[in-house]
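Inside the fold
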2 protein chains.
Amino acid sequence: MAEANQETTPRQYINIELLTEALRTGNIVQFRNEFLDMHPYNQAEFFKELDEEDRLNIYHYLSPEEMAGLFENLDGEEHEYREVLAEMSPSYAADMLSNMYADDAVDVLNELEKDQVVSYLTIMDKEAADEIKELLHYEEYTAGSIMTTEYIAIVANQTVRSAMHILKNEAPRAETIYYVYVIDEDRHLVGVLSLRDLIVSEDDAMISEIMYDRVVSVSVGEDQEEVARMMRDYNFLALPVVDFQDHLLGIITVDDIMDVMEEEASDDYSKLAGIADLDSIDRNPFTAAKKRLPWLVILLFLGMFTASLIGRFEETLNKVAILAVFIPLIAGMAGNTGTQALAVAVRGIATGDLEKENKWKIILREAGTGFITGLTCGVLITLVVYFWKGDLFLGCLVGISIFITLIVATLAGSLVPLIMHRLNIDPAVASGPFITTINDIISILIYFGIATAFMSYLIE
Amino acid sequence: MAEANQETTPRQYINIELLTEALRTGNIVQFRNEFLDMHPYNQAEFFKELDEEDRLNIYHYLSPEEMAGLFENLDGEEHEYREVLAEMSPSYAADMLSNMYADDAVDVLNELEKDQVVSYLTIMDKEAADEIKELLHYEEYTAGSIMTTEYIAIVANQTVRSAMHILKNEAPRAETIYYVYVIDEDRHLVGVLSLRDLIVSEDDAMISEIMYDRVVSVSVGEDQEEVARMMRDYNFLALPVVDFQDHLLGIITVDDIMDVMEEEASDDYSKLAGIADLDSIDRNPFTAAKKRLPWLVILLFLGMFTASLIGRFEETLNKVAILAVFIPLIAGMAGNTGTQALAVAVRGIATGDLEKENKWKIILREAGTGFITGLTCGVLITLVVYFWKGDLFLGCLVGISIFITLIVATLAGSLVPLIMHRLNIDPAVASGPFITTINDIISILIYFGIATAFMSYLIE
């Protein structure tokens, strides 16, 4: 790995001492000079570290418009947004919200109580409020929920020169000016042009001639993960969002997609680990424990179930205590193989590769994979146990159990998420520890089932 | 979840029947008309589905330059690049490589044998070969390895008009024209301007006046994951790469960063699941089994070690067989809690949050988290076992074991990756199943250790 220098990276762009001093001594000019020269992300980083008193000063030093840029970069844990907005006067807050890009404002408003949202929208600039209201409709995690309406749209029947003129005028309001969308009189999306195309074209060329008319677009109800996949495949900086009749509704920009990618990756990862909300930092053991306990308690009770299952074989165990020795080995192998199969299935669903395949083919392949891994591990363990304990029958018992367990556990690991996905159930329920515990149970049933059936050979 | 329509999405942009027919009947004009109108990503998708004969036709129908765009979008499994390049004549392949963006060409060349690389570089256009050679130096996973040298750099002492003139000239060669980097006579990076800034500025404004001089840049040896984090934080479309003296060496564009994000997320996910190379699709059970077996076999032998540990307590087990009933429960809880702690630590390392913290604080917090979760689960299980089996001592034994196990397992889960990271060892070794197995062993030692020590109370 390369030398990373994370500790100093953000600092080099923020002069904390200077800013804090200016803030505390009330040196507005110096503060504004330094602060407004910083990238909004660094402004937000600085802002996050302040206490309430200093934050109250900032609201006096900066206009709502200047505050908007900072706020767009405060990446949002709920309580942060709420706290900070509560500190501002309602009119300042509303003014700031209306100066934010509509999609970012919507992200903030989604974290607030309904009556708060209504009150901000009422005192807000009407045009901004309308744009925001339109976006608030869309269901979370859809293309609609992450799009913005601040794009540049032009008609085809004009020259590059006049298009550039429109672009210059609309530039301050648009979230990106690097793509220009071409619409007809009914707002149907008919073409797209990059600013690069515009710049290298002759001033007198007609838009209709140079535009690209096979526009790649997403439907407004599309899953955000699918949007991210398209953005990545096509290397676009923005994607247009349309309704079912191909009317242009908005655009999604690449910066928002990077956040989606991070969110989705983190989400998949947390599910595999069986832990909620991995990304906010735990400042103390109590918040950390609160996130981990729900799964642990569920798994504790599932584990009790496993224990009661083994309890049913107490008689077998009483006679052949050595059986207990291999319980963790068999349960562990079932858990591991299940987690592998789960991971493959979840990634396959995420990349869409699995959906293209016939489901019987998937099942057959997973069964085959279980067979091969099961056979390999089963033969290995039979030999090891035989040489270790000198007991061929015990070796075969453990080996055959591993063999069957690995087939069943592999199938369980891949089928559970596939079935849930098909039933439109969030596969969160099929997270790593859950599959592991299910497979524990399956493996123990198989192991003790075989052992009890052939008990006589073991005792002899 | 929203309705995703993955099965039809790519199809709508590719007219497969038309293209295949034109290709097979040798209708070059029709083929080129349709094909060149497609987005390079769709060209690549179509190309991937062809057999060798059809591919050979394509090399005749398309110029190396046209092929370059397609090739940039063939996202690269090694053997694909090799196979396809081997089908082309060496001069066609070299010509194509020199027409690709330098960073993409480097990605391809990195997958080839050394002598192949040398031979392509020898027959390639000299200028392109030099650019590529420069990039081939950099270590994998660093900023240098993903940057491109095809950026636009200008000097500060000129007007917007003349800068726009340079930009228009260089546009066809540059990977992005949306950022223009300002350098001094020694190629030190002194400023940055977006095309947006240029477009909204007066034609006579001086670059030195409107440029942003606090450029956020990354060092050439920086880890690609850190570069992705900065790109996401700052919402940039490109980041400049500099050496330790601030000389501009190249830029990294957002499309490459999306690939890095996907790669890193997939990598973390695979490690947690204990499986190699999650992303290529397994066409048959043998390739799938080949990826999963290495970990399974390692874990099988670790499991044997666990079994031999329990074997040492055979005497205890012979006397009190009921102890075996709780083995999977305790081992399972240890595994689950360890995976949670591991996931938190790995994410913390990935986001850099953990590095800012004092290591003793982290250890103390994790111990505290283990204490709280252990206490909760321990008390719960004591009560359940007491009411189920009517044996308070057995309940306490299991409860205390869970309590101690959860503290130790939480610490193990978080410390192992932290220590590996500090020792610059790839934390792959600390993947999910590995931690789970380690924690199995720890938990069994604790459980049987306590049970053996207090044996007399259990038998009575």
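Residues numbered from 1 in each chain as written. Chains lettered and ligands numbered in written order. Predicted model: local features only at pLDDT ≥ 70, side-chain atom pairs only at ≥ 80, totals over all residues. Heavy atoms only, no water.

Going by the annotation in an unreviewed UniProt entry, the name recorded for chain A is Magnesium transporter MgtE, with Mesobacillus foraminis given as the source organism. The UniProt entry for chain A carries the following comment under Subunit (unreviewed entry): "Homodimer." In UniProt, chain A has this text filed under Function (unreviewed entry): "Acts as a magnesium transporter." (UniProt positions renumbered as here; feature names shortened; annotations may be inferred.)

This model, assessed by the stated rule, comprises 31 aromatic pairs over all chains. Taken together, the ring pairs in this structure connect Tyr41 of chain A together with Tyr179, Tyr181, Tyr234 and Phe236 of chain B into an aromatic cluster. Lysine 389 of chain A extends its terminal NZ or CZ atom over the ring of tryptophan 388 of chain A, reaching a point 4.3 Å from the ring centre. (Phe/Tyr/Trp six-rings, centres within 6.5 Å; stacked < 30°, edge-to-face > 60°. Lys NZ or Arg CZ within 6 Å of the ring centre and 35° of its normal.)

A separate point is the sheet that holds strand 5 (residues 238-242) of chain B. Residue and element names in this part refer to chain B. One open sheet accounts for 3 strands, arranged 4-5-6; its pairing is mixed. Strands with a single pairing partner mark the edges of an open sheet, and in this sheet they are strand 4 (218-219) and strand 6 (248-253). As judged from the 2 bridges shared by strand 4 and strand 5, these two strands associate in the parallel manner. Directly across from serine 219, in strand 5, lies its bridge partner valine 242. Along the sheet, helix 15 (residues 224-234) makes contact with strand 4, strand 5 and strand 6, crossing strand 5 at roughly 135°. (Pairing = 2+ DSSP bridges. Helix = DSSP H or I, 4+ residues; strand = E, 2+ residues; numbered from the N terminus. Contact = heavy atoms within 4.5 Å. Axes fitted to C-alpha atoms, helices over the stretch in contact; angles between N-to-C directions.)

Overlay of chain B on chain A (RMSD 0.1 Å): rotation 180°, translation along the axis 0.0 Å. Put plainly, the chains are arranged around a two-fold axis. Both copies contact each other with a shared surface, as 98% of the interface residues of chain B are interface residues in chain A too. (Least-squares fit on C-alpha atoms with pLDDT ≥ 70 in both.)

Glancing now at the sheet that holds strand 1 (residues 153-154) of chain A. Residue and element names in this part refer to chain A. One open sheet holds the 3 strands; their spatial order is 1-2-3, and the pairing between them is mixed. Of all the strands in the sheet, just strand 1 and strand 3 (189-194) have a single pairing partner and so form its edges. Relative to strand 3, strand 2 (residues 179-183) is paired through 5 bridges, and the arrangement is antiparallel. Directly across from valine 180, in strand 3, lies its bridge partner leucine 193.

Residue and element names in this part refer to chain B. Over its 31 residues, helix 22 (residues 392-422) extends 45 Å from the first C-alpha to the last, a length consistent with the 45 Å expected when each residue adds 1.5 Å. In helix 22, a bend of some 25° at leucine 415 exceeds every other bend along the element, and proline 417, a proline, comes one to four places later. The opening residue of helix 22, the one whose side-chain oxygen lies 3.1 Å from the backbone nitrogen of phenylalanine 393, is aspartate 391. The first or second residue beyond helix 22 is asparagine 424, which carries a positive phi of 60°. (Expected span 1.5 Å × (residues − 1). Bend = angle between axes of the 7 residues up to and from the residue. Polar contact = N/O pair within 3.5 Å; in protein donor to acceptor, adjacent residues only side chain to side chain.)

Take unusual backbone geometry next. Residues and elements named next belong to chain B. Phi is positive for tyrosine 141, which is not a glycine, with a value near 70°. Here tyrosine 141 is to be found in the loop between helix 10 (126-136) and helix 11 (143-146). A relative accessible area of 44% means that tyrosine 141 is categorised as partly exposed. (Buried < 20%, exposed > 50% of the residue type's maximum accessible area, 1.4 Å probe, protein only.)

All names here are of chain B. Among the residues of helix 10, Ala128, Ala129, Glu131, Ile132 and Leu135 are the ones counted as buried. Buried residues along helix 10 cover an arc of 165° about the axis, so they all sit on one side. Opposite the buried face of helix 10, by more than 90 degrees, sit the exposed residues Lys126 and Glu127. Of the surrounding secondary structure, the elements contacted by the buried residues of helix 10 are helix 7 (90-99), helix 8 (102-109), helix 9 (114-123) and helix 11. (Arc of directions from axis to C-beta.)

Once that is clear, we can look at the domain arrangement of chain A. Each assigned domain of chain A is listed with its residue range as follows: domain 1 (11-140), domain 2 (153-255) and domain 3 (285-459). With centres defined by C-alpha atoms, the gap from domain 1 of chain A to domain 3 of chain A works out at 51 Å. (Domains from an automatic or database assignment.)

Now for the state of the cysteines. Tallying each qualifying case throughout the model produces 0 disulfides over all chains. Just so you know, cysteine 377 of chain A is unpaired, no disulfide at all, and the nearest cysteine sulfur is the one on cysteine 396 of chain A, 16 Å from it. (Disulfide = S-S within 2.5 Å.)

Going through the model one piece at a time under the given rule, you end up with 32 salt bridges over all chains. As a salt-bridge pair, glutamate 127 of chain A and arginine 173 of chain A come within 4.0 Å of each other at their nearest N and O atoms. Here glutamate 127 of chain A is found in helix 10 (residues 126-136), whereas its partner arginine 173 of chain A is found in the loop between helix 12 (160-170) and strand 2, with 46 residues between them in sequence. Using a relative accessible area of 52% as the deciding quantity, one classes glutamate 127 of chain A as exposed. Between aspartate 259 of chain A and arginine 232 of chain B there is a salt bridge, with the nearest N and O atoms lying 3.4 Å from each other. Residue aspartate 259 of chain A is located in helix 16 (residues 254-273), and its partner arginine 232 of chain B is located in helix 15; the two belong to separate chains. (Salt bridge = Lys/Arg side-chain N within 4 Å of Asp/Glu carboxyl O.)

A separate point is a negative patch on the surface. All names here are of chain A. Taken together, the side chains of Asp51, Glu52, Glu53 and Glu83 make up a negatively charged region of the molecular surface. You can see glutamate 53 is positioned in helix 4 (residues 52-61). Owing to a relative accessible area of 60%, glutamate 53 belongs among the exposed residues under this scheme. (Patch = residues over 30% accessible without salt bridge, like charges linked within 9 Å, V, L, I, M, F, W, Y side chains within 5 Å. Areas by Shrake-Rupley, 256 points an atom, 1.4 Å probe, with all protein chains shown as cover. Lys, Arg positive; Asp, Glu negative; His and termini not counted. Charge placed at Lys NZ, Arg CZ, Asp CG, Glu CD.)

Chain B puts 138 residues into the contact, and the matching count from chain A is 136 residues. Note on chain B versus chain A: buried area summed over both sides is about 12,300 Å², and carbon and sulfur give 64% of it. Looking only at chain B, the three residues that lose the most surface to chain A are Arg196, Tyr269 and Arg347 of chain B, adding up to 7% of its buried area. In this assembly, chain B and chain A are joined by 12 salt bridges. Salt-bridge contacts for lysine 389 of chain B lead to glutamate 314 of chain A; the nearest nitrogen and oxygen are separated by 3.9 Å. On the surface where chain B and chain A come into contact, there are 26 residue pairs in polar contact (both at pLDDT 80 or more). Looking at the side of chain B that touches chain A element by element, the count peaks at 19 residues for helix 17 (residues 285-311) of chain B. Residues of the side of chain B that touches chain A, tallied by class, amount to 75 nonpolar, 31 polar and 32 charged. (Buried area = accessible area lost by both parts, 1.4 Å probe. Nonpolar A, V, L, I, M, F, W, Y, C, P; charged D, E, K, R; others polar.)

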